[in-house]
Amino acid sequence: MKEQILTYLQENGKSTINELAASLQMAGAKKFPLLIKEISKMESRRELRFNDNGELSLRKSQEKPEQLTVQGIFRANKAGFGFLFVDDNEEDMFIGRHDVGHAIDGDKVEVVIKKPADRLKGTAAEARVVRIVDHALKTVVGKFVLDDEKPQYAGYIQSKNQKIQQKIYIKKEPVVLDGTEIIKVAIDKYPVRGHDYFVGSVRDIVGHQGDVGIDVLEVLESMDIVSEFPEDVMAEAKAVPDAPSDKDLVGRVDLRKEITFTIDGADAKDLDDAVHIKRLANGHFELGVHIADVSYYVREGSALNREAVARGTSVYVTDRVVPMLPERLSNGICSLNPNVDRLTQSAIMEINPQGKVVHYQICQSVINTTYRMTYSDVNEMLAGNQELLDKYEAIVESVQDMATLHEILEAMRERRGALNFDTSEAKIIVNDKGIPVDIVVRSRGMAERMIESFMLAANECVAEHFATKDLPFIYRIHEEPKAEKLQKFIDYASVFGVQIQGTASKITQSALQDFMAKIEGKPGSEVLSMMLLRSMQQARYSEHNHGHYGLAANYYTHFTSPIRRYPDLLVHRMIREYDKAATPEKQEHFAAVVPELANSSSQLERRAIDAERVVEAMKKAEYMEAHVGETFEGVISSVVKFGLFVELPNTIEGLIHVTTLPEFYHYNERTMSLQGEKSGKVFKVGQPICIKLTRADKETGDIDFAYLPSDYDVIEKVTQSDRKARRPRSTKASDKSGHSKKPPTKDKPFQRSFDKKNAKNSRKKR
């Protein structure tokens, strides 16, 4: 077909699509779409061009770009511009709104570089999209709107995805839609020149507007995070027995006589880890970390395993969880419920008073837990609650020993340079209709931190075991921060009067620890902590062991949560298979499958974090809708040229746009501050401020504040030389770049506290 199109245009010079279709006998209902598809491909390859009259012609040879092209993933901003992500070792390239073409967020695209990066000026390379290699957007979820603007379609959908600029029209279907539906559509046609909209066909009716929880379901479905399991997966789950048999126990280490118990949130149902502890005669501790042996029931090649790979992780948002595995497994035979036999994999470690593991055993085991403890009860026991001490007398000594060992392990990690980002985390409380009624800050007591310490120890122990054996394995890695990002943070910290020892290219974790110790308890400390965290790289899974920078660990993996994370399940499978015999065939098999599984697990983890972020923003905005007009006290969390972001004590954040301020404000990029031209009033990060809520939009997640004068205001004298240095200036409160009021981000989530909270995710138990 391509050759026919080229031949026709070479002979005729130019042609309308209809003339071309008629000449090539491609005008029929079946053939015409194929012609359009081929023309679209040829245009994206810059082999064809459309003139202003919509006529096709060949591009002249001298018009073909001679520049080298680069392929990567396009990350869109809702303002229309975007960035090209090539890989973790390359800086992203900026793509202006007029250079995006018809690329959509997530598309694999090919670009030519318009302008190289300038490291001296700190500017990114600029690029232009010349070809869409592969569309990432296959399905879209949104509210169906009846519309007769294009009578050939039933209407269009309004998607929550603000990065989709064009309308998505729906083909007329046998099923009648009345305009109340939330539907999921499969994309059949993408926007191209002369066809600036999507066309889709209905794949599923997710629900109806007004249904309880439909807002969260719409977000999840739009990211292809689905609750229902396929029939073959459920059939396999139903076939799993309710209890292990004697045959299942053969070859396992019997730990049923140990005083073993679980410690989880009060509402937890999937109890995947248990612990035991003993003081040894030599003064060391024996710590046993016992993890549900999920891989015993989820075998490679099974439907259960296929689905677990596709999901990658359980997803936890406000009032619900979308599990990686069916509840029959996660809440049944794989849950370490009290007083029943359960199959586990155990890391039994002998730890000396300096926190070093001197001996260990990693084994298949069977346990029978004594108690199902909650974080709150254990915290109360450690605080001296006599009623609970009497009730759980059998484990009082164990709990006290655990607290002692936790302090030893925490001190050990601190000595080696582990960074502790204990940032505030919101807990959104909703009623039975899914409406948020309160937002509070989660608290983490000794019990939570204690279990976290033990999970970290087990993860490190297992990772070191396989690294030293040089067997194919999957690691959880966190690489050193990039010098450019770290330099920006060092420069910014100096504005606060805090110096950091070392340089961006050579800085130790100890130097960053010292910095965090200096700012602890001071105004803006949480903001500075968060900025340091954002300068770090993102933790991910890999077949290569690069260590874990944030934890200052040479070896790290995820072993402790196979119910809700696929890499942990994979680690358990490798432990079992290598225990039988680490044959060359097994090593070759795992060496082949681990890289792809590591990559997909990392991507699916990011998808889960994205879903959590979107739902959290939506629910926070929904909560604040009832408080429009009220006044609050907050802290300035970020200052940009178009305004300042303010965070309330309950972690809710909103924007004060510069256009709402009472005078012209100058932005100082070095100090990241705004200063009033006449008054000298200054807004800086970490500064307390009084504000009024003016708008909260659940659909977009946006929250807007207005500044209120107060005793918190800071005024600095404006000199004549300052005024001269600032000229010429832009028009009042304008954003010259034309960007939206929120900063242009690449929309790449960061690992909020590396893997401390992933060791024992405090959000997972509702």
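Residues numbered from 1 in each chain as written. Predicted model: local features only at pLDDT ≥ 70, side-chain atom pairs only at ≥ 80, totals over all residues. Heavy atoms only, no water.

(A) Representation of the overall build of the protein within the structure. In terms of regular secondary structure, the protein is built from 18 helices and 35 strands. Its C-alpha atoms give the protein a radius of gyration of 29 Å, within 12% of the compact-globule value 27 Å for 766 residues. C-alpha extents for the protein along the principal axes are approximately 90 × 75 × 50 Å. By residue count, 52% of the 766 residues in the protein fall in the buried class. Taking as baseline every contact in the protein between residues at least 6 positions apart, the subset at least 24 positions apart corresponds to 67%. Only carbon and sulfur atoms are counted for the fraction: they give 48% of the accessible area of the protein, which is about 35,800 Å². Across the protein, 108 positive and 115 negative side-chain charges occur, with their mean positions spaced 5 Å apart. (Helix = DSSP H or I, 4+ residues; strand = E, 2+ residues; numbered from the N terminus. Rg over C-alpha atoms; globule rule 2.2 N^0.38 Å. Buried < 20%, exposed > 50% of the residue type's maximum accessible area, 1.4 Å probe, protein only. Contact = heavy atoms within 4.5 Å. Areas by Shrake-Rupley, 256 points an atom, 1.4 Å probe, with all protein chains shown as cover. Lys, Arg positive; Asp, Glu negative; His and termini not counted. Charge placed at Lys NZ, Arg CZ, Asp CG, Glu CD.)

(B) Quick peek at the pairing of strand 29 (residues 653-657). In terms of burial, strand 29 is a largely internal element, four of the five residues being buried. One ladder, built from five bridges, connects strand 28 (residues 643-647) with strand 29; its direction is antiparallel. Across the sheet, residue Glu647 finds its bridge partner in strand 29, namely Glu653. Hairpin connection from strand 28 to strand 29: five residues lie between these consecutive antiparallel strands, with Thr651 at a positive phi of about 80 degrees. (Pairing = 2+ DSSP bridges.)

(C) Highlighting the side chain of Asp401. Mapping Asp401 onto the fold places it in helix 10 (residues 396-416). A relative accessible area of 8% means that Asp401 is categorised as buried. A polar side-chain atom of Asp401 sits 2.9 Å from a polar atom in the side chain of Arg279. Residues contacting Asp401, with those up to four places away along its chain left out, are Ile277, Arg279 and Phe285. (Polar contact = N/O pair within 3.5 Å; in protein donor to acceptor, adjacent residues only side chain to side chain.)

(D) Representation of the confidence of the model for the protein. Counting all residues, the mean pLDDT for the protein is 87, and 92% of those residues have values of 70 or more. In the model, residues 728-754 has pLDDT below 50 throughout and makes 78 contacts with residues more than four positions away in sequence or in other chains. (pLDDT = per-residue confidence, 0-100.)

(E) The arrangement of the sheet that holds strand 12 (residues 181-189) in detail. Strands sit in the order 9-10-11-13-12 around a closed barrel of five strands; the barrel is mixed. Averaged over all pairs of adjacent strands, the angle between strand axes in this sheet comes to 55 degrees, irrespective of strand direction. Of the strand pairs in this sheet, strand 10 (residues 153-159) and strand 11 (residues 168-171) are connected by four bridges, and their pairing is antiparallel. Residue pairing in the sheet places Ile157 in a bridge with Ile168 of strand 11. (Axes fitted to C-alpha atoms, helices over the stretch in contact; angles between N-to-C directions.)

(F) Looking closely at the state of the cysteines. Overall, the coordinates contain zero disulfides when judged by the stated rule. Cysteine Cys363 shares no disulfide, and the gap to the nearest cysteine sulfur, in Cys461, comes to 11 Å. Residue Cys363 is classed as buried on the basis of its relative accessible area of 6%. (Disulfide = S-S within 2.5 Å.)

(G) Local environment of the packing of aromatic side chains. Applying the stated criterion to the full structure yields 17 aromatic pairs. Put simply, the rings of Phe466, Phe473, Tyr475, Tyr578 and Phe590 pair up and form one aromatic cluster. Here the basic side chain of Lys167 rests over the ring of Tyr156, its NZ or CZ set 4.3 Å away from the ring centre. One Lys or Arg, Arg299, reaches over the ring of Tyr296 and ends 4.9 Å from the middle of that ring. (Phe/Tyr/Trp six-rings, centres within 6.5 Å; stacked < 30°, edge-to-face > 60°. Lys NZ or Arg CZ within 6 Å of the ring centre and 35° of its normal.)

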